Each structure stands twice: as C-alpha cells, then as structure tokens.
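One letter stands for each residue in the lines below.
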Amino acid sequence: MPENDRDLPRRPDPDALLALAEQGGRGKLTVFLGAAPGVGKTYAMLTRVRRLKEEGVDIVIGLVETHGRAETTTLLEGLEVLPRREVMHSGRTLQEFDLDAALTRRPRIIVVDELAHTNLGEGRHPKRYQDIEELVDAGIDVWTALNIQHLESLSDVVAQIAGVPVRERIPDTVLNRADDVLLVDLPPAELIERLKEGKVYVPDSAKRAVDRFFRLGNLTALRELALRRTADRVDDQMVDYLKQNAIEGPWPAGERLLVCIGPDRLSEKVVRTASRIASGLNADWIVVSLERADQESGDREAMRQLDQTFHLAEQLGAETRRVVGNDFVEEILKLARREHATQIVIGTRRHRFPLRLFRRSLPDALAARASGIGIHLITDKDKAEARPKRERKWMSRKAAWRALAIAAGTAGAATILGLVIEQFIILQNISLLYLLAVLASAIYAGYAAALAAALFSVLAYNFFFIEPIGTFTVAEPHEVFALFVFLAAAVLAGGLASRVREQAKAAGSRATATQALYDFSRKLSATANAEDVLWAAVTQMQTTLRRNAVLLLPEGGDITLKTAWPPDTELDVTDTMAARWAFEKKEPAGNDTGTLPNSPFQFRPLVTPHGVVGVCGFVQQDKPLEINEERALAAILDQTAIAVDRARLSRESLDQAAQLEGDKFRAALLSSMSHDLRTPLATITGAVTSLLQFGDRMPADSRHDLLKSIEEESERLTRFVANLLDMTRIEAGTVNAKRDWVDVADVVRSAAERARKYFPDRVFETSISADLPFIRGDSVLLGQVLFNLLDNANRFGGDEPVSIYARREGDELVLAVTDLGKGIPPGDLQRVFDKFFRKGKPDGRSLGTGLGLAIAKGFIEAMGGQIKAESPAVRRRGTRISMRLPAAEHQLPEKE
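All values derive from a computational prediction rather than experimental measurement.

Residue position: Thr42 is located in helix α2 (residues 41-54). Among residues more than four places away in sequence, those in contact with Thr42 are Val64, Thr72 and Asp113.

Structure follows, in structure tokens:
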C-alpha cells in the first residue's frame with residue numbers, strides 16, 4: 001500500500017484530455033500578436049511563409065495588406081496568392097477575402113491578415129475572425145495577425161490610454177482558442193523611428209499618428225499589455241501540458257468568479273474588468289443578473305442594455321445566468337456557494353450623503369454577509385459617468401387624464417359620503433374615508449393616481465371638515481399636524497397599494513405565460529407524430545412572438561423546411577445556408593448574428609442530449625426580442641426539441657420493432673422451409689434412389705408403395721408452396737375475392753372429401769343445415785380455407801373425429817371446424833392467426849408451416865367475413881374455428 005498520496009501514480013486531468021481530443025480534425029490557428037501597427041507582424045509571418053514554401057509545404061496567401069511597405073511587397077513575390085472577392089460599398093468597388101475560394105483550394109496552411117477586420121458587402125460573416133474560424137473548422141491551418149488593442153476586454157483600457165476609441169474588436173475567446181500565439185515585439189523608440197522614416201505609414205499619415213497615437217507613453221503601455229497577455233497565454237499552455245501528461249505541479253488552485261451586473265452602462269466596465277481578472281487567474285467566471293420576482297422585467301431600453309452586456313460577456317468567454325428573487329444578497333451568496341465561487345465582482349456608485357444614511361448599497365450588504373469570498377468593487381472614473389442620465393418613462397396624456405379623473409372622482413365620492421354621514425353622526429375620524437379613496441385610486445390607476453388622490457383628499461378634508469369650514473386655512477395647530485400626518489399616511493398607503501397592484505400585474509403576466517407554456521407542453525406530450533409536433537410548435541411561436549416562424553428537420557443528409565407559419569413562407573438560398581449553418585455548428589445564424597446577417601430570419605438549433613434534431617427560424621423585425629419573449633422562445637425551443645427527439649425515437653423504435661418482427665418471421669420461414677422441404681424431399685429422393693437401383697428386382701407392391709409416397713410428398717410440397725404464394729398475395733393486398741353465388745353445402749362436402757383422400761386415417765363428420773343460404777363470395781378461396789382448417793385439425797386434433805357444421809344464424813352463415821385435441825391456451829387464441837405461429841411455439845419446431853390459419857383469416861376477411869378460435873370446445877377440450885359470412889341480401893335461386 002502507498003504510504004501517502006505522493007506514492008500514488010498521477011493520472012492525466014480528464015478535462016485537459018477532453019479539450020485535447022476535441023481538437024481532432026480541426027486546423028491550427030497561429031496568431032502573430034503585436035502591441036501596435038508597424039512592429040513587424042506581417043513581415044515576420046511572410047518570412048516564415050517563404051521558409052516553409054522552400055521546404056515544399058502547401059501554403060498560400062489568402063489575404064495580406066502591405067499598406068504600401070516595400071519590404072512586405074517584396075516578400076510576396078513568388079508566393080501563391082488567392083484572388084480576392086469584389087464587393088460594392090458606398091458606390092465603390094472594394095476587394096475582400098474570398099472565403100469560398102480558400103475552402104475550394106484547401107491548402108495545408110493559409111495566411112489571412114488582419115484578424116479584427118470587419119467584412120464589407122454581403123458576405124457569409126460580418127467579421128474576418130469568423131471566416132478564419134470556419135477555415136479552422138474545415139481542417140485548414142491559418143496564420144493571422146492581431147494588435148493587442150483589438151481585444152474586447154482591453155478596449156476600454158486602450159481607449160483610456162490612447163484617448164481614441166477602438167472600433168474593430170474581437171472576442172477574447174478567439175485568442176484564447178488559438179493554438180499558438182507568437183509575440184512580435186519592438187521597443188517603442190524603434191517603432192517611432194520607423195514611423196518617422198515612413199516605413200509604417202506614408203509621411204502625412206505618419207506625422208498625425210506620432211502626434212495622436214504613437215506616443216512613447218501610449219506605446220509603452222500597449223507593449224506592457226501585449227507582454228502580459230502573452231505571458232498569461234504561455235502560463236496557461238504550461239498548465240495544460242502538465243495536466244495532459246500527469247506531470248507533478250505545482251498546479252494553481254482553481255479560482256471561480258461570480259460577476260453581478262444590471263441594466264446600466266457601468267456593467268460593461270464590470271464585465272471587461274472581470275474578464276481581465278479571470279484571464280490573469282486562469283479562472284472560470286459566471287455573469288449573473290438579478291430581477292425581482294414581484295416586479296416586471298423593466299423598460300425596453302434597460303433590457304436591451306442588459307442583453308448587450310450579456311452578449312459582451314459571452315464573447316469574452318463567460319457563462320451567463322439570470323436569477324429571479326426578492327433578496328438579492330441572499331440569491332447572490334446562494335449562487336456563489338452552489339457554483340463554488342471564490343470571488344465576487346460587482347459595480348458600485350457613490351451615493352449622495354442623505355441616501356448613504358438611510359439606504360444600504362448592495363455591495364455593502366454583500367461585504368457584511370459574505371464570509372470566505374473575496375469581493376471586487378468596480379467604480380466609474382467620475383461622477384458624471386457614475387450617474388448616467390436615464391430616459392424617464394412618462395405616462396401618456398390619456399393615462400394621465402384617466403389617473404386625474406379617478407383621483408378626483410374617488411376624493412369627491414369620499415367628500416360627499418362624509419357630508420352625508422355628518423348629517424346623522426358626528427365622526428371624529430372622517431379622514432379614513434379619504435384614505436379609502438387613496439387606496440382605491442392606487443388599485444385602479446397606480447401610484448400617480450394615488451398621489452393625486454392624496455393631494456385632492458387633503459384639500460377637500462381641509463375645506464369641508466376642518467374649522468374654519470369653507471376655507472383652506474387651519475385654526476388649530478394640532479389640526480395642522482394631523483393634516484400632515486394624514487398626507488404622509490395617504491402617500492405611504494397609496495404607494496403600498498400601487499406596489500401590490502404592480503405585483504399582481506406582474507404575477508398575472510407570468511401566470512399567463514406559464515399557463516401558455518403548460519398548455520403547449522400538454523399538447524406536445526399528447527402528440528407522438530413529428531408533423532403534429534412541428535405544427536403545434538410553429539403555431540405557439542407565432543402566437544407568442546407575433547412573427548413568422550419556420551421549422552426545419554434533417555432529411556436525406558440536408559436540412560429541409562417542414563412547417564411554416566404562414567404556410568406559404570419560403571426560404572431563399574441565403575436563408576437555407578443560415579439554417580444549415582445553425583444545424584451543423586449548433587449556434588444561432590442569420591439576422592442579428594455573426595453568420596449570414598443579411599437573412600431576414602434568425603435560425604436557432606434545437607439541441608437535445610442526442611444532438612441537434614432540427615432548426616427553428618423566426619423573422620427578426622426591426623426590434624430584437626424582449627426579455628420575456630426571449631425566455632418564452634427558449635422554453636418553446638427546449639420543449640420542441642424534446643418532443644421532436646421523442647417522436648424520432650418513437651419512429652425508430654417502431655422501425656426496429658418491425659425489423660425484429662421481420663427477422664422473427666424470416667427465421668420462422670427458414671425454419672419452416674428447412675423442415676417442410678427437407679422431409680418430403682428426403683422421402684422423394686430416397687424413393688427415387690431405391691427405384692433406380694432396385695426397381696427391376698423389387699416386388700410390384702413395394703414399387704407401388706414407393707411411387708405412392710412420391711406422389712403424397714409431392715402433393716405436400718405443392719400445398720406448402722401454394723401456402724407461401726397465398727400468404728404473399730395476402731401480404732401484398734392482391735387477393736381479389738370473386739362475388740359469385742356460392743353454395744356453401746357443396747363447398748363443405750368437397751373440402752371434406754378432399755380431406756378424406758389426403759388423410760384416410762382421420763374421420764371427418766359433416767352437419768349441414770337444410771335452410772343453409774347462399775352467399776356471395778369465392779368458392780375456391782372458401783374451399784381452400786376449409787381444407788387448411790381440416791389440415792390443421794388433423795395435425796393437432798388427436799385421434800378423435802373432426803366435425804364440420806354449417807348453419808344459418810340471422811343474416812349470417814356460420815361455419816365451424818371442431819377437433820377434440822388438447823386445445824389452445826387462452827393467451828394464444830388471438831395469436832393462432834399470426835404467421836408462423838404454431839401451438840405456442842413460433843420457433844418452428846412443431847409440424848406445419850404455421851401459415852394455414854393466417855391464410856384462412858386473410859381469405860375470410862377478403863370475402864367480408866370474420867373468423868375466430870375457441871377452446872376448449874367440447875367436453876372441456878379441443879378447438880373450434882368458427883367463421884361468419886354474410887348471407888346473400890337478394891332472393892336466392894332455388895337449390896336443386
């Protein structure tokens with residue numbers, strides 16, 4: 001036994017191995033990172049390209065921007081350069097990287113410069129880094145170049161350093177997923193010198209760049225950022241290597257960040273700062289927003305700001321959550337404990353002095369109640385930014401007049417009621433009537449109406465009930481005090497009542513949405529057909545979102561439109577490509593996404609644990625989905641994906657059951673054929689061999705017996721083949737029963753005589769009613785049915801006689817074949833008519849093919865009749881097979 005943990009063999013980290021395995025089949029991304037333009041990224045990249053080209057490596061230039069630099073242009077000579085794609089932009093013809101040409105050429109390595117570039121025209125992707133990601137996914141190695149200021153998490157820092165906002169940015173995850181990051185470094189002084197020499201920009205542009213951006217302090221700060229990010233990258237690669245190869249650490253302890261945001265501009269800074277902290281700590285991080293359960297989500301502008309912040313967090317590599325609760329501190333700490341967060345990052349603002357006395361901020365409350373968790377407070381740089389102006393949500397004129405009318409009406413009603421009551425009773429607390437008016441206004445029209453009702457009530461109470469009556473003056477000091485107390489109580493009561501109203505409204509809205517989803521879930525649970533599931537889903541989406549919607553499912557190796565609302569909705573080539581992208585990449589595509597944004601539809605994959613089962617698309621109108629619509633859509637898509645997957649699994653289960661049934665029938669048929677063909681063939685072969693070898697020396701009686709056996713076994717083979725052919729006709733639905741007049745008595749006698757001929761050792765008894773009617777049917781098929789039943793009774797009926805009776809019961813003719821064998825178990829009475837079923841042994845080990853009763857059932861039903869098995873039949877043993885056929889409706893011809 002090992003003495004301690006150090007003696008145990010170290011195993012590779014499973015997560016590290018899984019990340020390594022996921023890279024299989026993908027190309028490698030190499031990023032040449034620099035602190036600023038002009039440090040030599042493209043030059044270093046092309047120098048390596050020429051060296052590999054000389055070694056025979058298949059490497060091409062997809063796109064390189066020389067910016068007029070002579071040394072860069074010289075390095076391109078002799079290299080294969082792909083032609084660019086021409087696009088129209090602002091009335092000018094420009095050239096862009098041709099992604100499709102690169103995929104068609106499919107080199108081993110391709111060079112695509114300027115990773116952060118924004119594509120022009122109607123390309124597949126709005127950003128070049130997305131083009132590069134598609135190339136990498138296709139298995140092509142890509143080399144590209146990037147300046148440090150284009151990273152999303154550093155854009156605010158760079159803007160603060162250089163005083164210039166960064167327009168073109170890429171998510172940090174792009175750099176984090178790169179296989180190699182090569183730092184191209186140049187001291188700031190040398191870079192400025194190169195700029196002055198015209199080796200970076202033309203002279204006029206160079207002078208402006210030195211004055212604005214290329215200052216020594218700026219370049220030094222950018223160089224530090226590039227060095228730090230590259231060092232973090234190298235550290236991450238070292239840790240991954242240690243984990244993948246089970247090498248002893250030290251491995252850094254796992255840190256996990258919980259970042260709290262809200263619908264304000266400060267949250268963007270919080271997210272970017274948290275991203276830099278997480279990158280430095282190599283930590284996972286979760287971004288969470290909270291909203292109250294008793295309030296609606298808020299105004300549209302705030303929700304849009306929150307959605308943008310969430311999108312930024314996802315671009316920077318964070319996991320996002322939305323939490324609903326009333327106690328924000330408790331919800332944050334509960335989530336932190338559940339996710340094992342070690343640090344909390346939250347924004348804070350400086351509140352004015354009176355507010356700090358009466359109101360505790362969320363960060364202060366977190367710091368007071370959190371234990372064992374570090375808290376980072378992110379502040380804005382100045383007061384102006386700390387308190388951004390928010391657009392006030394004013395009431396409409398119609399709503400304002402309605403609130404005033406309700407307030408005036410309730411206050412007036414309270415005044416009239418008080419005056420009437422005072423005619424009979426002197427009330428000392430008449431002000432309670434006005435408090436009731438305030439509450440009524442709050443319930444019916446909200447807080448504004450309650451505030452107006454409070455003011456109207458104070459004036460009316462003073463004018464009509466406080467001495468001197470009829471004036472707005474107050475004689476007694478205690479009445480002044482009482483008046484102000486009443487006003488404060490009315491305002492507070494009105495506020496509480498209006499809040500209850502808003503809570504009830506929010507609860508009603510959520511209840512309506514929940515009920516709609518519940519009804520949709522019940523509808524899906526009762527539907528097993530995929531087509532019905534799709535119609536229910538597309539109808540629910542159209543009702544919820546009030547937008548056109550489509551659903552597509554995979555078919556024949558491609559994604560195909562299955563259901564749409566309106567039904568005449570069609571998809572063009574761009575829409576189909578976006579849907580295919582969403583299906584293959586498991587990510588949204590189309591309008592308002594990074595892939596094919598020119599499509600009017602936004603497509604989202606239907607994801608289940610078994611993979612993507614389809615794609616949903618909806619028309620993205622001028623405004624994006626609101627938060628409640630987004631939540632409803634997510635729930636609908638989840639339920640639809642589960643229902644489609646369930647329908648697919650049900651269909652596959654039926655197909656597999658049918659295949660198993662076919663395999664069982666096939667095995668039974670082969671078993672039957674091996675017995676029913678081998679036995680007569682062996683008998684015939686033996687008889688023929690004996691006749692050939694000893695025929696002239698054998699007695700006449702022996703030769704007659706051998707010939708008789710050959711005849712009997714040949715007839716047995718004929719019956720077997722005939723049964724197979726009859727079963728094939730029944731399976732194919734090609735049994736065309738005639739509608740002739742049939743004398744059933746003649747058919748019964750003929751079948752009995754035929755049976756006596758084939759089975760001379762068996763006694764067959766017939767009982768035919770004298771008033772037996774004619775039927776309309778096929779005498780040949782009916783005779784075959786009776787003979788099959790007699791053959792079956794001969795096999796399993798023991799030694800007793802087999803009886804056949806025919807009689808009339810009402811408008812039907814009843815035929816029955818009864819034997820006195822062991823009978824059929826009750827559980828097998830319905831199964832005896834199945835193909836290849838033999839007395840409870842479907843494996844084919846008993847006598848017969850197991851087709852006789854199945855053929856009988858098919859023929860009887862073809863003539864419009866019914867057949868069933870009963871057991872025990874007589875003296876508590878035996879089997880009766882009874883058939884009911886409709887008697888002829890018209891007058892029958894007289895029987896001879």
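Still more to cover.
Turning our attention to the nonpolar core. Grouped together as the largest cluster of nonpolar side chains are 41 residues, with contacts concentrated most on Leu782 and Leu815. Elements represented by at least two residues in this core include exactly α26 (744-758), α27 (779-796), β21 (802-809), β22 (812-819), α28 (852-862), β23 (866-870) and β24 (879-886). Counting residues per element, this core draws most heavily on α27, which supplies eight residues. With 35 residues, the next largest nonpolar core counts Leu63, Val136, Ile148 and Val157 among its residues.

Let us now look at the side chain of Ser599. Within the element layout of this structure, Ser599 appears in the loop between β15 (589-590) and β16 (601-608). A polar side-chain atom of Ser599 sits 2.4 Å from a polar atom in the side chain of Asp575. Within the structure, the side chain of Ser599 is placed 3.2 Å from the backbone nitrogen of Phe601, a separation counted as a polar contact. In this view, Ser599 contacts Thr574, Asp575, Gly590 and Asn591; residues no more than four positions away in its chain are not counted.

The strand order across the open sheet formed by five strands is β19-β21-β22-β24-β23, and the pairing between neighbours is mixed. Taken across any chain shown, the strands that pair with only one partner, and hence form the sheet edges, are β19 (764-768) and β23. Taken over all neighbouring pairs, the strand axes of this sheet differ in orientation by 15° on average, direction set aside. Examined bridge by bridge, β23 and β24 share five bridges and lie antiparallel to one another.

Turning our attention to the pairing of β21. Strand residues, when the strand is regular, have side chains that alternate between the two faces of the sheet. Where β19 and β21 come together, five bridges link them in parallel fashion. Its bridge partner being in β21, Ile768 is matched across the sheet by Ala806. Across seven bridges, β21 lies against β22 in antiparallel orientation. Looking at β22, one finds that Glu809 is bridged to Glu812. Counting the residues that bridge the hairpin from β21 to β22 gives two residues, and of these Gly810 lies at a positive phi of roughly 65°.

Moving on, we get to the packing of helix α17 (residues 397-422) against helix α19 (residues 447-465). For any two helices packed against each other, the geometry is given by the interaxial angle and the distance between the axes. Two numbers describe how α17 lies on α19: the axes approach to 8 Å, and their chain directions differ by 30°. The angle between α17 and α19 places the two elements in the roughly parallel class. Considering only the axes of α17 and α19, their crossing is right-handed. In this structure, α17 contributes Ala403, Leu404, Ala407, Ala408, Thr410, Ala411, Thr415, Gly418, Leu419 and Glu422 to the contact, and α19 contributes Ala449, Ala452, Ala453, Phe456, Ser457, Ala460, Phe464 and Phe465. Taken together, the residues of the contact of α17 with α19 sort by class into 13 nonpolar, four polar and one charged.

This part covers the sheet that holds strand β5 (residues 109-112). Spatially, β2-β5-β6-β1-β7 is the arrangement adopted by the five strands of the open sheet, whose pairing is parallel. Looking at which strands have only one partner, the edges of the open sheet turn out to be β2 (59-63) and β7 (180-184). On average, each strand axis in the sheet is tilted by 20° relative to the strand beside it, whichever way the strands run. Here three bridges tie β5 to strand β6 (residues 141-147), and the two strands are oriented parallel to one another. Across the sheet, Val111 pairs through a bridge with Trp143, a residue of β6. Sheet strands touched by α2: β1 (29-34), β2, β5, β6 and β7. Its angle to β6, the strand with the most contacts, is close to 160°.

Here we come to helix α21 (residues 530-545). An ideal rise of 1.5 Å per residue puts 22 Å on 16 residues; α21 measures up with 22 Å between its terminal C-alpha atoms. Taken as a whole, α21 has its buried residues at Ala530, Val533, Leu534, Ala536, Ala537, Val538, Gln540, Met541 and Leu545. After α21 finishes, the residue Arg546 shows a positive phi value of roughly 55°.

Further remarks concern the packing of aromatic side chains. Scanning all chains against the criterion turns up six aromatic pairs. Centre to centre, the rings of Phe463 and Phe464 are 5.0 Å apart; their planes meet at 75°, and the pair counts as edge-to-face. Note on Phe463: relative accessible area 26%, which makes it partly exposed. Pairwise contacts between aromatic rings join Tyr758, Phe759 and Phe787 into one cluster. For the cation-ring pair, Lys585 lies above Trp581, with the distance from its terminal atom to the ring centre recorded as 5.2 Å. The side chain of Arg754 reaches across the aromatic face of Phe787, ending 3.9 Å from its centre.

Bringing the environment of Ser803 into the picture now. Along the polypeptide, Ser803 turns up in strand β21. For Ser803, a relative accessible area of 26% translates into the label partly exposed. Taking the C-alpha atoms as reference points, Ser803 and Asp819, 16 residues apart in sequence, are found 6.7 Å from one another. Ignoring anything within four residues of it in the chain, the contact list for Ser803 reads Glu765, Ala816, Val817 and Thr818.

Attention now goes to the environment of Gly25. Locating Gly25 in the fold gives a position in the loop between α1 (14-21) and β1. Contacts of Gly25, omitting those with residues within four sequence positions, involve Asp137 and Gly139.

Judged by side-chain polarity, Trp401, Leu404, Phe456, Leu459 and Phe472 come together as a nonpolar surface patch covering roughly 540 Å² of accessible area. Mapped by element, the contributors of at least two residues to the nonpolar patch are α17 and α19. Relative to the helices and strands, Leu404 is located in helix α17. The exposure class of Leu404 is partly exposed, given its relative accessible area of 38%.

Summarising the model, the chain shows a mean pLDDT of 79, and 81% of its residues fall at 70 or more. When the criterion is pLDDT under 50, residues 1-8 qualifies, and its contacts beyond four places in sequence or with other chains add up to two contacts. For residues 383-392, every residue scores under 50 in pLDDT, and the model assigns this stretch ten contacts once sequence neighbours within four places are set aside.

We now examine the packing of α17 against helix α18 (residues 431-445). Contact pair α17 / α18: the axes reach a minimum separation of 9 Å and the direction vectors enclose 155°. For the element pair α17 / α18, the angle class is roughly antiparallel. The handedness of the crossing between α17 and α18 is right-handed. Side by side, α17 and α18 meet where Arg402, Ala403, Ile406, Ala407, Thr410, Ala411, Ala414, Thr415, Leu417, Gly418 and Ile421 of the first sit next to Leu433, Tyr434, Ala437, Ala440, Ser441, Tyr444 and Ala445 of the second. Among the residues forming the contact of α17 with α18, the class breakdown is 13 nonpolar, four polar and one charged.

Parameters and conventions
Residues numbered from 1 in each chain as written. Predicted model: local features only at pLDDT ≥ 70, side-chain atom pairs only at ≥ 80, totals over all residues. Heavy atoms only, no water. Helix = DSSP H or I, 4+ residues; strand = E, 2+ residues; numbered from the N terminus. Contact = heavy atoms within 4.5 Å. Core = buried A, V, L, I, M, F, W, Y, C linked by side-chain atoms within 4.5 Å. Buried < 20%, exposed > 50% of the residue type's maximum accessible area, 1.4 Å probe, protein only. Polar contact = N/O pair within 3.5 Å; in protein donor to acceptor, adjacent residues only side chain to side chain. Pairing = 2+ DSSP bridges. Axes fitted to C-alpha atoms, helices over the stretch in contact; angles between N-to-C directions. Parallel < 35°, antiparallel > 145°, perpendicular 65-115°, else oblique. Left-handed = near helix turned anticlockwise from the far one by under 90°. Nonpolar A, V, L, I, M, F, W, Y, C, P; charged D, E, K, R; others polar. Expected span 1.5 Å × (residues − 1). Phe/Tyr/Trp six-rings, centres within 6.5 Å; stacked < 30°, edge-to-face > 60°. Lys NZ or Arg CZ within 6 Å of the ring centre and 35° of its normal. Patch = residues over 30% accessible without salt bridge, like charges linked within 9 Å, V, L, I, M, F, W, Y side chains within 5 Å. Areas by Shrake-Rupley, 256 points an atom, 1.4 Å probe, with all protein chains shown as cover. Salt bridge = Lys/Arg side-chain N within 4 Å of Asp/Glu carboxyl O. pLDDT = per-residue confidence, 0-100.

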